[in-house]
Amino acid sequence: LILYKAGGPVAHSANDEDEEIEAPRNFMIYIPHIHKLFGLFALINIACYITPLHDTVMDVVGVERMRVLSVVHVLLALTSFEFRIGRSRSNQLYTIYREMQLHTVVFTFRSWACMICAQYFECESVLARAPFVLCWHILADLATKYFGTPTGGTTIRRTTDGGKTTGYKDEPWYTRFAVWFFSFSQLVGTFMMLTDSTDSARMAMCVMGPVQISAFLATLVRKGYFHSRTSFVCYLSVLTPIFFIHQWRPMDVAFLIAITVFRFNFRVSKYVMWIGVILAFTYLSGELGEMTNKLAPLPLSPPSMDFLWNNTEFMATLRDVVSFTSTTV
């Protein structure tokens, strides 16, 4: 937002009668095709992280070089300001608009910063990472406040608006399911940013990838290379690796079910919800008790639920329950 506001006066031109296009701000020096070059390296880097090539690439290229390569994602996001972007969202065509552009920048920085924290500082504390992650969401809300338009909100906002707008109710069932899955994936991504400590750098890239590829697909639609529905299918395929790469534990699944119900059904404020998730997760994992014991001896020891944190123990417990039930019956 600071970079965007730092530009000079805005010139406007129209590509139709109702749409205004903002000209580039003059804080960014235009270099032909450099944005495309960053995009190419970003796509290569994303493929290295979200495909089975990850371990091989890390061994061959090295963690340090991959860490340096991750900077292209930040440069890709920032150089997008040199293009002419519509301020409002088009309801007929899936294309980039100002709010989407700023959200892409903010959430790119969120994932990249989490990668740096994991790789450089080895930050595995949920309590330490949570305020940092939520700050980026505050910046995204500021972008919505100043650049959001009533004619069309973000996917998750139109899905959880509780009937204030038509949302996607008039669309076919498969479209409604697709946008619900897109919104659900955003919740999953935020949950992983907050709680994942086993492979934070790779998970951060799994979250960042769809964010930047979504903007790339919108560009292809605007230029006529893709149909909007084709871009939705491609975006759906980019979202799926996150569900297979992460080692899901029963406790993670339980939290995601609760998050989905609270956000979609009860429309709880995301900040209230995420703060509750952070406190509950750190309490049940024992991190909250360890931190408070260093400050004051408080009775915050979590109940013993090891089987919910370990898939092997969970399956063993499930087999015991099934065996006991069948024997009793």
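Heads up: these notes are all about the structure in this document. Everything numeric here is computed off the predicted structure, so don't read it as measured data. Every chain is numbered independently, its residues counted from 1 as its sequence is written. The predicted nature of this model means local features are confined to residues of pLDDT at least 70 and side-chain atom pairs, given and counted, to a pLDDT of 80 or more, with totals for whole chains, interfaces and linings taken over all residues. Side-chain numbers come from the whole structure's heavy atoms, not from hydrogens or water.

### Things to note about the overall build of the protein chain
Numbering of helices and strands starts at the N terminus; helices are DSSP runs of H or I of at least 4 residues and strands are runs of E of at least 2. Along the backbone of the protein chain there are 16 helices and three strands. A simple rule labels every residue: compare its accessible area, found with a 1.4 Å probe on the protein chains alone, to the largest value its type can have, and call it buried under 20%, exposed over 50%, or partly exposed in between. Across the 329 residues that make up the protein chain, the buried fraction comes to 47%. By definition in these notes, contact holds between two residues if any of their heavy atoms fall within 4.5 Å. Within the protein chain, contacts between residues at least 6 apart in sequence are counted, and of these 73% link residues at least 24 apart. For accessible areas, the Shrake-Rupley method is used with a probe of radius 1.4 Å. Any residue's cover is judged against the shown protein chains and nothing else. For the protein chain, the exposed surface amounts to about 18,000 Å²; the carbon and sulfur share of it is 65%.

### What to know about empty space enclosed by the protein
Detection works on a 1 Å grid of protein atoms alone, calling trapped sets that fit a 1.4 Å probe cavities and calling open sets with protein on both sides within 12 Å along at least five of seven lines pockets, with lining residues defined by an atom within 4 Å of a point. Grid points are joined across faces, edges and corners, and a volume is the space filled by probe spheres set on the points. Evaluated as defined, the whole model comprises one cavity of 30 Å³ or more. Lining of the largest cavity is provided by C114, R129, M192, M193, D196, S200, M203 and A204. Mapped onto the lining of the largest cavity, the elements with two or more residues apiece are helix 9 (173-195) and helix 10 (200-222). Considering every element that reaches the lining of the largest cavity, the biggest residue donor is helix 10, with three residues.

### Brief notes about the packing of helix 5 (residues 71-78) against helix 6 (residues 98-120)
In a pair of packed helices, the angle between the axes and the distance between the axes together describe the arrangement. Note on definitions: angles span 0 to 180 degrees between N-to-C directions of axes, and those axes are lines fitted to C-alpha atoms, for helices only across the stretch in contact. Between helix 5 and helix 6, whose axes approach to 9 Å, the crossing angle comes to 165°. Overall, the two elements helix 5 and helix 6 adopt an arrangement that is roughly antiparallel. The chirality of how helix 5 crosses helix 6 is left-handed. Contacts from V71, H73, V74, A77 and L78 of helix 5 reach helix 6 at V105, T108, F109 and W112. Any angle that falls under 35 degrees is termed roughly parallel, while one over 145 is termed roughly antiparallel, one within 65 to 115 roughly perpendicular, and all others oblique. Whether a crossing is left-handed or right-handed is set by the direction in which the near helix is turned from the far one by less than a right angle, anticlockwise for left-handed and clockwise for right-handed.

### Considering the packing of aromatic side chains
Ring geometry is summarised as follows: Phe, Tyr and Trp rings, the Trp one being its six-membered ring, pair when their centres sit within 6.5 Å, and such pairs are stacked at plane angles under 30 degrees, edge-to-face over 60 and tilted between the two. On inspection of all chains with the given rule, the structure shows 16 aromatic pairs. Ring geometry for F184 versus F243: centroids 6.1 Å apart, planes at 10°, classification stacked. Taken together, the residues F184 in helix 9 and F243 in helix 12 (residues 241-245) connect sequence positions 59 residues apart. Overall, F243 belongs to the partly exposed group, its relative accessible area being 22%. By the ring-pair criterion, three or more aromatic residues cluster together here, those being F177, W180, F181, F184, F243 and F264. Working rule: Lys NZ or Arg CZ, within 6 Å of ring centre, within 35 degrees of ring normal, means a charge sits over the ring. Lying across the ring of Y120, R67 places its NZ or CZ 4.2 Å from the centre.

### Some points on the layout of surface pockets
As a volume, the second largest pocket reaches approximately 630 Å³. Lining the second largest pocket are 27 residues, with H35, L76, A215, F216 and T219 sitting closest to its centre. The classification used treats Ala, Val, Leu, Ile, Met, Phe, Trp, Tyr, Cys and Pro as nonpolar, Asp, Glu, Lys and Arg as charged, and all other residues, Gly among them, as polar. Taken together, the residues that form the lining of the second largest pocket break down as 16 nonpolar, seven polar and four charged.

### With respect to the packing of helix 7 (residues 126-147) against helix 9
Interhelical geometry of helix 7 versus helix 9 gives an angle of 140° and a closest axis separation of 8 Å. Here helix 7 lies oblique to helix 9, going by the angle between them. Across from V126, R129, A130, V133 and H137 in helix 7, the residues of helix 9 making contact are T190, M193, L194 and T195. Along the lines of polarity and charge, the residues of the contact of helix 7 with helix 9 split into five nonpolar, three polar and one charged.

### Remarks on unusual backbone geometry
The bulk of non-glycine residues show a negative phi, and the bulk of peptide bonds are trans. Its identity as a non-glycine residue notwithstanding, R267 has a phi of 50°, on the positive side. Relative to the helices and strands, R267 is located in the loop between helix 13 (250-265) and helix 14 (270-285).

### Re the pattern of salt bridges
Only one rule defines a salt bridge in this text: a Lys or Arg side-chain nitrogen within 4 Å of an Asp or Glu carboxyl oxygen. Under the criterion given, the structure shown has three salt bridges. Here R67 ties to E64 by a salt bridge, and the two come within 2.8 Å at their closest N and O atoms. Here R67 and its partner E64 are both found in helix 4 (residues 63-69), three residues apart, which amounts to about one turn of the helix. Among the salt bridges present, the one from D141 reaches K270, with a minimum N-O distance of 2.8 Å. Of this pair, D141 sits in helix 7 while K270 sits in helix 14; the two residues are 129 residues apart in sequence, bridging distant segments of the chain. For D141, a relative accessible area of 26% puts it in the partly exposed group.

### Some thoughts on the side chain of T190
Considering the arrangement of structural elements, one finds T190 in helix 9. Residue classification places T190 among the buried residues on the basis of a relative accessible area of 5%. What T190 contacts, discounting residues up to four positions off in sequence, is R110, H137 and W274.

### Let's talk about the nonpolar core
If you look at the biggest cluster of nonpolar residues, it comprises 62 residues, and the most contacted ones within it are F191, I259 and W274. Per-element accounting of this core gives the leading share, twelve residues, to helix 10. When neighbours within four sequence positions are excluded, I259 is seen to be in contact with L187, F191, M273, W274 and V277. The definition of a nonpolar core used throughout is a set of buried Ala, Val, Leu, Ile, Met, Phe, Trp, Tyr and Cys residues joined through side-chain atoms within 4.5 Å. Counting residues in hydrophobic clusters, the runner-up holds 14 residues, among them V74, W136, A140 and F147.

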